[in-house]
Amino acid sequence: MWPFSPKKQLELPSFWREYEDVFQQKLPEKVHDNTFIVWDTETTGFRLDRDRMLCIGAVKLLNGRIAVKDSFEVYIHQEHYDAESAGIHGILRNGKRERISELDALKLFLHYIKNHVLVGHHVMFDVNMVNAALRRNGLPKLKNKTLDTGLLYKRTLLTSNVLQKKEKYALDELAEKFSISKKDRHTALGDALITAIAFLRIVEKLTPRNLKDLIKKQDPPRFSL
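Now for a description of the structure that goes with this document. Computed from a predicted structure; not experimentally measured. (Residues numbered from 1 in each chain as written. Predicted model: local features only at pLDDT ≥ 70, side-chain atom pairs only at ≥ 80, totals over all residues. Heavy atoms only, no water.)

## Thoughts on the environment of E176
Applied cut-off: Secondary structure counts use DSSP, requiring at least four H or I residues in a row for a helix and at least two E residues in a row for a strand, with both numbered from the N terminus.
Relative to the helices and strands, E176 resides in helix α7 (residues 171-177). Remark: the alpha-carbon pair of E176 and A198, spanning 22 residues in sequence, is separated by 10.0 Å.

## Brief notes about the side chain of T43
This is how it is decided: Identification of polar contacts relies on pairs of N or O atoms within 3.5 Å, with a donor-acceptor requirement for protein atoms, meaning one able to donate a hydrogen and the other able to accept it, and with residues adjacent in sequence counted only if both atoms are side-chain atoms.
Looking at the secondary structure, you find T43 in strand β1 (residues 35-43). Here G45 takes part through its backbone oxygen, which lies 2.6 Å from a polar atom of the side chain of T43.

## Topic: the pairing of strand β2 (residues 53-62)
Defined as follows: Think of it in three bands: residues with accessible area under 20% of the maximum for their type are buried, residues over 50% are exposed, and the middle band is partly exposed, with areas taken using a 1.4 Å probe on protein chains only. Strands are labelled as partners when DSSP assigns at least two bridges between them.
With 9 of its 10 residues buried, β2 lies for the most part within the structure. For β1 and β2, the ladder comprises 9 bridges, and the chain directions are antiparallel. For V38, the partnering residue across the bridge sits in β2 and is V59. As paired elements, β2 and strand β3 (residues 65-75) share 7 bridges and run antiparallel to each other. Opposite K60, over in β3, you have A67 as the bridge partner. What sits between β2 and β3 in their antiparallel hairpin is a turn of 2 residues, with N63 showing a positive phi close to 55°.

## Notes on the packing of helix α4 (residues 102-113) against helix α5 (residues 123-136)
Using the following cut-off: For helices, the axis comes from a line fit to the C-alpha atoms of the stretch in contact; other axes are also lines fit to C-alpha atoms, and the angle between any two N-to-C directions lies between 0 and 180 degrees. Orientation categories follow fixed angle ranges, with anything under 35 degrees roughly parallel, anything over 145 roughly antiparallel, 65 to 115 roughly perpendicular, and all other angles oblique. Crossing handedness is read from the near helix: turned anticlockwise from the far helix by less than a right angle, it gives a left-handed crossing, and turned clockwise, a right-handed one. Here, residues are in contact when the closest pair of their heavy atoms is within 4.5 Å. Ten residue types, Ala, Val, Leu, Ile, Met, Phe, Trp, Tyr, Cys and Pro, are classed as nonpolar, four, Asp, Glu, Lys and Arg, as charged, and the remainder, Gly among them, as polar.
Between α4 and α5, the shortest axis-to-axis distance is 10 Å and the interhelical angle comes to 120°. Regarding the angle of α4 to α5, the classification is oblique. Crossing of α4 over α5 shows left-handed handedness. Across from E102, L106, F109 and L110 in α4, the residues of α5 making contact are V130, A133, L134 and R136. The class makeup of the residues in the contact of α4 with α5 is 6 nonpolar, no polar and 2 charged.

Have a look at this one:
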């Protein structure tokens, strides 16, 4: 169980209370009236109990456009490091990028995302990594609604005797399908940009009128913490 009770809620820091307060505002009903946060994390591995986030990258979608100048990217300092995963994300233990503490990264990320819908490819992995970090710092879980481009993409495909839907689709497959450059693949911000473009293309195909219609076009989340 998550280690929180109503009494402990009063002890939460001000930055968390500010994050919670924005959820008193209802999200717009129309899809295009919403701001979406498309994001990705680079991690030392896939185990929530042992692995840690190395970087969080995100972009905002406003009025169906990517607000590139309002992007988010933080690198996180930690003791745990997996040399094998460095071959994928390229983040070195003694790299020259400025790094901040996990708690400071969480503060900045919560301020950036506010109550907006979080969009990601296999998004619940990233949500669970952030939730694990929040728990280590004595904080509750994320409150944002989520959309998964992998699940939404499956809704755009027609099942036939010739073509059967796969259980999962990699981000590389979506990039190839929508002719998206993979130049910055396997960086958090680069993957967030690829996911943002794919998300826009998927929304064009699904043509949802309201946000609730878009959320309903997903299968139930398959991951939990």
